[in-house]
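Now for the letters of each chain:
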2 protein chains.
Amino acid sequence: MKRVKVSNNVIRRMPRYLRMLDELMENGVNRVSSFQLGQLLGLTPSQIRQDFSCFGEFGQQGYGYIVSALREQIASILGADRGYSAVLIGVGNIGRALMDNFCFSSWGFSLVAAFDVNPALIGTNINGVNIYSMDDLETYLHNNKVDMVVLAVPKDVAIPVTNMLTANGVEAIWNFTNVDLTAPNSSTIVENVHFSDSLLSLSYYVSERQDEKAARAARAEKAENNQ
Amino acid sequence: MKRVKVSNNVIRRMPRYLRMLDELMENGVNRVSSFQLGQLLGLTPSQIRQDFSCFGEFGQQGYGYIVSALREQIASILGADRGYSAVLIGVGNIGRALMDNFCFSSWGFSLVAAFDVNPALIGTNINGVNIYSMDDLETYLHNNKVDMVVLAVPKDVAIPVTNMLTANGVEAIWNFTNVDLTAPNSSTIVENVHFSDSLLSLSYYVSERQDEKAARAARAEKAENNQ
């Protein structure tokens with residue numbers, strides 16, 4: 001695929017399109033217009049067409065998109081069809097939650113190994129993924145193709161582990177540690193999972209609702225006083 | 001605060017501004033222009049000014065923003081200054097990870113209680129938060145102000161628990177279950193945590209890097225063949 005520089009905001013919307021298309025497919029929808037997609041996602045049709053146009057021509061004016069074909073194209077844009085392999089480092093609460101509940105394969109990824117320092121975990125297997133000792137990590141990285149590391153270690157070791165990873169050729173980290181792993185100009189690709197962004201969005205909508213209720217109550221009181 | 005309908009995309013950017021402002025404050029930066037903010041966040045200055053203008057007048061043309069004041073205004077827009085209380089339901093891996101590692105208070109929230117069905121957990125306390133039996137949840141909801149529920153229960157009970165919550169007046173759910181909790185027209189405010197969006201963004205950047213490398217290699221090979 002030919003790549004042009006695409007803005008981060010466009011890239012961030014692509015996974016949302018993918019999820020929505022999966023949902024449409026599950027519901028047996030075969031064709032969708034940018035207008036319908038926009039309504040489902042709270043975006044304007046022109047925004048959606050503009051986003052897709054960053055990656056070439058999809059769909060047909062006045063006809064819409066074939067859901068399955070668009071799904072495939074977006075998955076391909078996102079690299080979800082490249083069979084990327086991921087390694088989990090840190091089988092604590094969050095690492096364990098990912099192994100138990102996050103279906104890497106449904107997004108085209110395979111979780112091939114996990115590493116921890118806990119002797120009680122080393123040598124065990126969760127959902128078909130072996131847990132190895134951290135001592136074996138360097139050797140593993142040298143002998144296996146690892147496209148990305150899922151980092152879920154405790155805060156205090158996040159930086160030293162990252163330094164070890166980059167020294168051993170790891171180029172991409174999915175970061176659950178809430179620590180800034182690398183310098184701003186680092187060549188390592190880091191994707192941070194920010195729970196706070198999500199919580200604050202929720203908080204916004206709760207506040208909006210409360211303000212609406214308060215405004216309604218104030219109007220009702222005013223109306224009553226005026227009677 | 002007067003509220004106008006603001007697009008979801010603007011709302012989604014506000015927590016990112018907040019995080020960046022926190023970082024600037026930590027680094028002792030007092031004033032920031034929309035140009036500088038834009039560079040830090042990969043947004044255009046006009047986008048940033050437009051986002052802020054949804055909520056009134058901040059900053060001053062040619063002078064920029066006072067970091068601490070802007071931080072306070074955005075926190076207020078997001079409701080992070082309202083002392084919202086949250087209750088966690090489900091102290092499994094993900095729930096435990098949130099109790100251990102996610103600092104609710106640094107975003108203005110307080111986690112006031114947790115609930116689980118596991119007798120080994122009931123009656124214990126993690127980081128000052130008591131874990132109660134699910135049997136006591138209904139009573140708790142009636143006797144306490146609960147602004148939002150953090151839902152981290154297993155998939156198979158996600159819907160029944162949600163129905164129970166909404167029947168007991170819960171209006172907002174932070175959803176870690178990967179299950180669609182409510183019908184599209186439901187009045188319950190649900191914020192889903194989609195790990196997949198984050199992973200797929202990472203995957204995009206990894207793919208971009210790989211394609212660039214492949215293109216460089218192809219050019220180098222061509223140059224060599226032409227010698």
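Criteria and cut-off values
Residues numbered from 1 in each chain as written. Chains lettered and ligands numbered in written order. Predicted model: local features only at pLDDT ≥ 70, side-chain atom pairs only at ≥ 80, totals over all residues. Helix = DSSP H or I, 4+ residues; strand = E, 2+ residues; numbered from the N terminus. Rg over C-alpha atoms; globule rule 2.2 N^0.38 Å. Buried ≥ 20, exposed ≤ 12 C-beta atoms within 10 Å, placed from the backbone. Least-squares fit on C-alpha atoms with pLDDT ≥ 70 in both. Contact = placed C-beta atoms within 7 Å. Axes fitted to C-alpha atoms, helices over the stretch in contact; angles between N-to-C directions. Parallel < 35°, antiparallel > 145°, perpendicular 65-115°, else oblique. Left-handed = near helix turned anticlockwise from the far one by under 90°. Nonpolar A, V, L, I, M, F, W, Y, C, P; charged D, E, K, R; others polar. Arc of directions from axis to C-beta.

**Overview of the overall build of chain A**
Part 1 of the reasoning: Of the regular secondary structure elements, chain A holds eight helices and nine strands.
Part 2 of the reasoning: Scaling as 2.2 N^0.38, a compact globule of 227 residues should have a C-alpha radius of gyration of about 17 Å, whereas chain A reaches 23 Å, well beyond that.
Part 3 of the reasoning: Along the first, second and third principal axes, the C-alpha set of chain A runs to 75 × 50 × 35 Å.
Part 4 of the reasoning: When burial is assessed residue by residue, chain A has 35% of its 227 residues classed as buried.

**Topic: the relation of the copies chain A and chain B**
Part 1 of the reasoning: Least-squares fitting of chain A to chain B yields an RMSD of 0.1 Å, with the transformation described by 0.0 Å of translation along the axis and a rotation of 180 degrees. Considering both components of the superposition, the chain copies are consistent with a two-fold axis. Closest approach to the rotation axis within chain A is made by the C-alpha atom of A:Asn93, at a distance of 2.4 Å.
Part 2 of the reasoning: By residue overlap, the copies meet face to face through one surface: 100% of the interface positions of chain A are interface positions in chain B.

**With respect to the packing of helix H5 (residues 93-101) of chain A against helix H5 (residues 93-101) of chain B**
Any two packed helices are characterised by how steeply their axes cross, that is the angle between the axes, and by the distance between the axes.
Part 1 of the reasoning: Viewed as axis vectors pointing N to C, H5(A) and H5(B) meet at an angle of 155 degrees, and their least axial separation amounts to 8 Å. Between H5(A) and H5(B), the angle is such that the two are roughly antiparallel. Considering the relative orientation of H5(A) and H5(B), their crossing is left-handed. Every residue of H5(B) that contacts H5(A) at A:Asn93, A:Ile94, A:Arg96, A:Ala97 and A:Asp100 is listed here: B:Asn93, B:Ile94, B:Arg96, B:Ala97 and B:Asp100.
Part 2 of the reasoning: Taken together, the residues of the contact of H5(A) with H5(B) break down into four nonpolar, two polar and four charged.

**Quick word on helix H3 (residues 45-53) of chain A**
Residues and elements named next belong to chain A.
Part 1 of the reasoning: All of the buried residues in H3 are Ile48, Asp51 and Phe52. Each buried residue of H3 lies within a common arc of 95 degrees when the element is viewed along its axis, so the set occupies one face. More than 90 degrees from the buried face of H3, the exposed residues found are Ser46 and Ser53.
Part 2 of the reasoning: The secondary structure elements touched by the buried residues of H3 are helix H1 (8-26) and helix H2 (34-41).

None of the figures reported here should be taken as evidence of function without further support.
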